[in-house]
2 protein chains.
Amino acid sequence: MKTRFYNARILSMAGDCSVISGEVVVEDEKIVYAGPSREEDGEAADRSVDCKGNLLMPGFKNAHTHSAMTFLRSHADDLPLQQWLTQQVFPYEAKLTPEDIYDLTRLAVLEYVSGGITSIMEMYLTPESVAAACRDTGMRCVQVGGVNNFSQSTALLERWFHELNGADPLTSFRLGFHAEYTCTPELIGEIAALAQKYHAPVYTHCSETQSETQECIGRYGMTPTAYLASRGIFAYGGAGYHMVYTTADDRRIMKENGIAAVTCPGSNTKLASGIAPLTEYVAEGIPTAIGTDGPASNNCLDMFREMFLATGLQKLRLSDASAFPAAEVLRMAVSTGAQVMGLEDCTCLAAGKLADIIMIDLHQPNMQPLHAIPENIVYSGSKSDILMTMIHGKILFDRLDGREHYSVGEDPEEIYARCRRICERIFA
Amino acid sequence: MKTRFYNARILSMAGDCSVISGEVVVEDEKIVYAGPSREEDGEAADRSVDCKGNLLMPGFKNAHTHSAMTFLRSHADDLPLQQWLTQQVFPYEAKLTPEDIYDLTRLAVLEYVSGGITSIMEMYLTPESVAAACRDTGMRCVQVGGVNNFSQSTALLERWFHELNGADPLTSFRLGFHAEYTCTPELIGEIAALAQKYHAPVYTHCSETQSETQECIGRYGMTPTAYLASRGIFAYGGAGYHMVYTTADDRRIMKENGIAAVTCPGSNTKLASGIAPLTEYVAEGIPTAIGTDGPASNNCLDMFREMFLATGLQKLRLSDASAFPAAEVLRMAVSTGAQVMGLEDCTCLAAGKLADIIMIDLHQPNMQPLHAIPENIVYSGSKSDILMTMIHGKILFDRLDGREHYSVGEDPEEIYARCRRICERIFA
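Thresholds, definitions, all that
Residues numbered from 1 in each chain as written. Chains lettered and ligands numbered in written order. Predicted model: local features only at pLDDT ≥ 70, side-chain atom pairs only at ≥ 80, totals over all residues. Heavy atoms only, no water. Helix = DSSP H or I, 4+ residues; strand = E, 2+ residues; numbered from the N terminus. Rg over C-alpha atoms; globule rule 2.2 N^0.38 Å. Buried < 20%, exposed > 50% of the residue type's maximum accessible area, 1.4 Å probe, protein only. Contact = heavy atoms within 4.5 Å. Areas by Shrake-Rupley, 256 points an atom, 1.4 Å probe, with all protein chains shown as cover. Lys, Arg positive; Asp, Glu negative; His and termini not counted. Charge placed at Lys NZ, Arg CZ, Asp CG, Glu CD. Phe/Tyr/Trp six-rings, centres within 6.5 Å; stacked < 30°, edge-to-face > 60°. Lys NZ or Arg CZ within 6 Å of the ring centre and 35° of its normal. Polar contact = N/O pair within 3.5 Å; in protein donor to acceptor, adjacent residues only side chain to side chain. Axes fitted to C-alpha atoms, helices over the stretch in contact; angles between N-to-C directions. Parallel < 35°, antiparallel > 145°, perpendicular 65-115°, else oblique. Left-handed = near helix turned anticlockwise from the far one by under 90°. Nonpolar A, V, L, I, M, F, W, Y, C, P; charged D, E, K, R; others polar. Domains from an automatic or database assignment. Salt bridge = Lys/Arg side-chain N within 4 Å of Asp/Glu carboxyl O. Least-squares fit on C-alpha atoms with pLDDT ≥ 70 in both. Buried area = accessible area lost by both parts, 1.4 Å probe. Pairing = 2+ DSSP bridges.

## Overview of the overall build of chain A
Logical step 1: For chain A, the helix and strand inventory stands at 15 helices and 17 strands.
Logical step 2: Compactness check: chain A gives a C-alpha radius of gyration of 21 Å against a globular reference of 22 Å for 428 residues, within 12% of the reference.
Logical step 3: By its C-alpha atoms, chain A is 65 × 50 × 45 Å across when sized along the principal axes.
Logical step 4: A buried classification covers 65% of the 428 residues belonging to chain A.
Logical step 5: Put simply, of all contacts in chain A between residues at least 6 apart along the chain, 72% involve residues at least 24 apart.
Logical step 6: When the accessible surface of chain A is summed, it comes to about 13,500 Å², and 50% of that surface belongs to carbon and sulfur atoms.
Logical step 7: Side-chain charges of chain A comprise 35 positive and 54 negative groups, with the mean position of each set lying 1 Å from the other.

Dropping the structure here:
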């Protein structure tokens, strides 16, 4: 199957954020051409899509989420963080079955694809049913373990590391644990041993809140980043999710150990956690990606909101309107996101890369005029501008004929109905 | 013409933010019924719309904007504020004709109606052509004067006050001036005299930035709010746009003089101006509304973004996830917004009120599940959820049949084309 997208503008993200006119040709799951128009492709393609001057670009990479927490969206907002977690999150999560998580993840996938998100880095309770949900909908998903003192284990982590890698081209699994503050030193040591055994990077929540960071200093005399690095967790790199409270010394450790930062500005805002020092990360050469975090804490899974916040909060923090320009944000949301997730084949639109492509409607009023398309995307873009989301060569969402179509193996209303029944049972 | 919207959820905003099931009946420009379903209306209506369980609510009130600045969207982002204003805004604004402003305002109206905004409070250079643009598209618009040392005058202000009030049910005009820092004390005195003459409220930019506030203190030994109040500007109330840097004493003056605050969190974020003390305003009983500001400084005209920022930035500022709950934000964006704009007939869905109604798609994935609809709107809502925007009883935008339709007197592509030509001329 060969599809030619012609009459397009292309933001390939292969180098800078420049936009050219041309076409993209997709064969099966791969891009075979992205560049200026070539006459010959019109004849050879099985399907031709007139892009009508709209923009093709790589899909957004959501580098941190807990998809199945859709069931908690707007269940209990505007509460202090600890009260929310202990009274409104943990007791209800305890009632979830793997089948629930399968359905609730599918609900999140509808939101991802309608918002132009083509891959997610996921941490949740039952990796097997999450992998099944992503495989069955067509979502690209890099899972990480969420081991802690109360759920999962290093034995399970190692089993998943074997079983959930290589089983499906859309899904993979990486070593990970919940956080320093939910793991004993012994458990941290076991996970570090696995990293050593497999020469594998490790992913975890880190320095999300000030109190978490200070409590770690109280326990070990070190920040979470310094402590985890000292235990060998990051011997082969990895990433910290949130990374709101890091010191200059933490950033030196991150740089030396190849630890990326994944920022979640929407969640950090709604939960009043703080503003991460993204400007410093980028200036110091630390790979930095963006995640939505889960829908219980954000509450939406919308990379347009995250992109505006990523730059806007830096401008506010530094009292500098020129801080963190749009091109930097786009790189985080696309190419660096892919790199942090280990998806080197998804960084840009170029021959040989995987066909994770979105089309952005430049005929929407919020995209007019077209002085600077990358700035339009970051500063005035909205998920309402998404015309098409293709993952691994398959169109999962589009409104190319004016109406919304989902191709995720099931009608959205059926997914909504099952999730409603899950909520009725859990909150009964 | 009588239209019955049945099978709806209704967030009337008449009292609290509770949602009921029922129907809304519109006759010409007015709501004649909003409440539980009544059988008899099905027969009498000229048109019946099955809302399919989706939500009807009053449209969003955008209480501060400069619509025609669409021509500057993404023209020059990520610059320091003063450099941006003096090098990238003022020189190009000087080239605008009233006809340009007519077309550029129409471009903004497309964005307003596609995002569920049913009225705007507008300040720009040529009020006559702005009024014409709103009248011709069907947009409800309360204009305010933008008098300053360099453009407009108190004579023009008084003329517009007569000519642009009562001429059309959709448009009105209020006394206003640009800001303390662009007006001589003599000009401020003349405007105050007009307020006194007509017993009229006055609207102006006020305490948007720290430097503006400090310079005013340097000039007059008073904050902008205290200085303007001392000159009699607010003898009959009014509002300050932005109000980022106010003291406890300023807030006492606001409360005593009936001065509302209009916050523009998107603009204040992008321009690094700061975070307004909304929590204090609401706690102290100061009417507080939300505006997008103009598309040159935001860059989009999206009240969903503003609502999330309004609460989110308070949570960050106060390090308190429970600060500024969703219901408070909705009140600002709807009922209080209407009151601040003098649109008492547009505060809620109730018999006798004007039919400024939007329909929100609850079948979008970001709106599922339906634990708490007001929270869904504020925390996970998006302009992609807007199914219909009705102003003064006329549907200006909808996708009730799945496709987008604009009814603003002209095809969007024609408006885009004219705005493109304007940009080509101005930036040539």
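## Some details on the packing of aromatic side chains
Logical step 1: Inspection of every chain in the model, using the stated rule, returns 16 aromatic pairs over all chains.
Logical step 2: An angle of 55 degrees between the planes, with centres 5.0 Å apart, marks the rings of Phe397(A) and Tyr406(A) as tilted.
Logical step 3: By relative accessible area, Tyr406(A) is classed as buried at 18%.
Logical step 4: The structure contains a cluster of three or more aromatic residues connected by ring pairs, namely Phe71(A), Tyr92(A) and Phe427(A).
Logical step 5: A cation sits over an aromatic face here: Arg305(B) above Phe308(A), 3.6 Å from the ring centre.

## Some thoughts on the side chain of Thr347(A)
Residues and elements named next belong to chain A.
Logical step 1: Within the fold, threonine 347 resides in the loop between helix H13 (326-340) and strand S14 (357-360).
Logical step 2: One polar contact links the side chain of threonine 347 to the main-chain carbonyl oxygen of glutamate 344, over a distance of 3.5 Å.
Logical step 3: Polar side-chain contacts of threonine 347 include one of 3.0 Å to the side chain of lysine 353.

## Section: the packing of helix H12 (residues 303-318) of chain A against H13(A)
All names here are of chain A.
Logical step 1: Where H12 meets H13, the axes come as close as 9 Å, and the angle between the chain directions of the two elements is 135 degrees. On the basis of the axis angle, H12 is oblique to H13. Here H12 runs over H13; the crossing is right-handed. Along the contact surface, H12 presents Met303, Met307, Ala310 and Thr311, while H13 presents Val329, Leu330 and Ala333.
Logical step 2: Classifying every residue of the contact of H12 with H13 by side-chain character gives six nonpolar, one polar and no charged.

## A look at the domain arrangement of chain A
Residue and element names in this part refer to chain A.
Logical step 1: What the domain assignment lists for chain A is domain 1 (2-59 + 346-406) and domain 2 (60-344).
Logical step 2: Distance between the C-alpha centres of domain 1 and domain 2: 28 Å.
Logical step 3: Summed over the shared surface of domain 1 and domain 2, the result is one salt bridge.
Logical step 4: Counting residues per element, the ones that place at least two in the side of domain 1 that touches domain 2 are strand S5 (55-58), S14, helix H14 (373-380), strand S15 (386-391) and strand S16 (394-398).
Logical step 5: Sorting elements by how many residues they give to the side of domain 1 that touches domain 2 places H14 first, with five residues.
Logical step 6: Partitioning the side of domain 1 that touches domain 2 into residue classes produces 20 nonpolar, six polar and five charged.

## Structural notes on the relation of the copies chain A and chain B
Logical step 1: The operation relating chain A to chain B is a screw motion whose rotation component is 180 degrees, with 0.0 Å of axial translation and a residual RMSD of 0.0 Å. What we have between these two chains is a two-fold relation. The rotation axis passes nearest to the C-alpha of Ser384(A) in chain A, at a distance of 2.2 Å.
Logical step 2: By residue overlap, the copies meet face to face through one surface: 100% of the interface positions of chain A are interface positions in chain B.

## Quick look at the interface of chain A and chain B
Logical step 1: Contact with chain A, which involves 70 residues of that partner, is made by 70 residues of chain B.
Logical step 2: Of the roughly 5,100 Å² buried between chain A and chain B on both sides combined, carbon and sulfur atoms contribute 58%.
Logical step 3: Our enumeration of links across chain A and chain B arrives at two salt bridges.
Logical step 4: Among the salt bridges present, the one from Lys315(A) reaches Asp78(B), with a minimum N-O distance of 2.7 Å.

## What to know about unusual backbone geometry
Logical step 1: For the bond running from Asn298(A) to Asn299(A), omega is 5 degrees, close enough to zero to count as cis.
Logical step 2: On the secondary structure map, Asn299(A) appears in the loop between strand S13 (288-290) and H12.
Logical step 3: Here Asn7(B), not a glycine, exhibits a phi torsion of approximately 60 degrees, which is positive.
Logical step 4: Looking at where Asn7(B) falls in the secondary structure, it is placed in strand S1 (residues 2-10).
Logical step 5: Here the phi dihedral of Ser74(B) falls at roughly 55 degrees; this positive angle occurs in a residue that is not glycine.
Logical step 6: Counting through the fold element by element, Ser74(B) comes out in the loop between strand S6 (60-65) and helix H2 (81-93).
Logical step 7: On the basis of relative accessible area, Ser74(B) is assigned to the buried category, the value being 2%.

## Brief notes about the pairing of strand S5 (residues 55-58) of chain B
Logical step 1: The pairing of S1(B) with S5(B) spans two bridges and is parallel. When the bridges of S5(B) are listed, Arg9(B) appears paired with Leu55(B).

## Structural notes on the environment of Phe427(A)
Logical step 1: Residue position: Phe427(A) is located in the segment after helix H15 (412-426).
Logical step 2: The class of Phe427(A) is partly exposed, set by a relative accessible area of 23%.
Logical step 3: As a C-alpha pair, Phe427(A) and Lys95(A) span 332 residues in sequence and 9.5 Å in three-dimensional space.
Logical step 4: Once you skip the residues sitting within four places of it in the chain, Phe427(A) turns out to touch Phe71(A), Leu72(A), His75(A), Tyr92(A) and His371(B).

## Regarding the environment of Lys315(B)
Logical step 1: One can find Lys315(B) in helix H12 (residues 303-318).
Logical step 2: For Lys315(B), a relative accessible area of 0% translates into the label buried.
Logical step 3: Spatially, the C-alpha atoms of Lys315(B) and Ala338(B) are 25 Å apart, while their sequence positions differ by 23 residues.
Logical step 4: Residue contacts for Lys315(B): discarding those within four places in its chain leaves Asp78(A), Thr269(A), Lys270(A), Ala272(A), Asp320(B), Ala321(B), Ser322(B), Ala323(B), Phe324(B) and Tyr379(B).
Logical step 5: Only 3.1 Å separates the side chain of Lys315(B) from the backbone oxygen of Ala321(B), close enough to count as a polar contact.

## Section: the sheet that holds strand S12 (residues 259-263) of chain A
Residue and element names in this part refer to chain A.
Logical step 1: The strand order across the open sheet formed by eight strands is S6-S7-S8-S9-S10-S11-S12-S13, and the pairing between neighbours is parallel. Looking at which strands have only one partner, the edges of the open sheet turn out to be strand S6 (60-65) and S13. Along the sheet, successive strands turn relative to each other by an average axial angle of 25 degrees, direction set aside.
Logical step 2: Summarising the sheet, strand S7 (residues 117-122) and strand S8 (residues 140-144) pair through four bridges and their orientation is parallel. Opposite methionine 121, over in S8, you have valine 142 as the bridge partner.
Logical step 3: Packing of helix H6 (residues 185-198) onto the sheet brings it into contact with strand S9 (171-179) and strand S10 (202-206), and relative to S9 it is tilted by some 150 degrees.

## Considering the pattern of salt bridges
Residue and element names in this part refer to chain A.
Logical step 1: Counting across every chain of the model gives 40 salt bridges over all chains.
Logical step 2: The partner of arginine 425 in a salt bridge is aspartate 100, and the shortest N-O contact between them spans 2.5 Å. A residue pair is termed long-range when its members are at least 10 positions apart, and arginine 425 in helix H15 and aspartate 100 in helix H3 (residues 98-114) qualify at 325 residues.
Logical step 3: The buried category is assigned to aspartate 100, whose relative accessible area is 5%.
Logical step 4: Through salt bridges with shared partners, a single network forms among Asp103, Arg106, Glu410 and Arg418.

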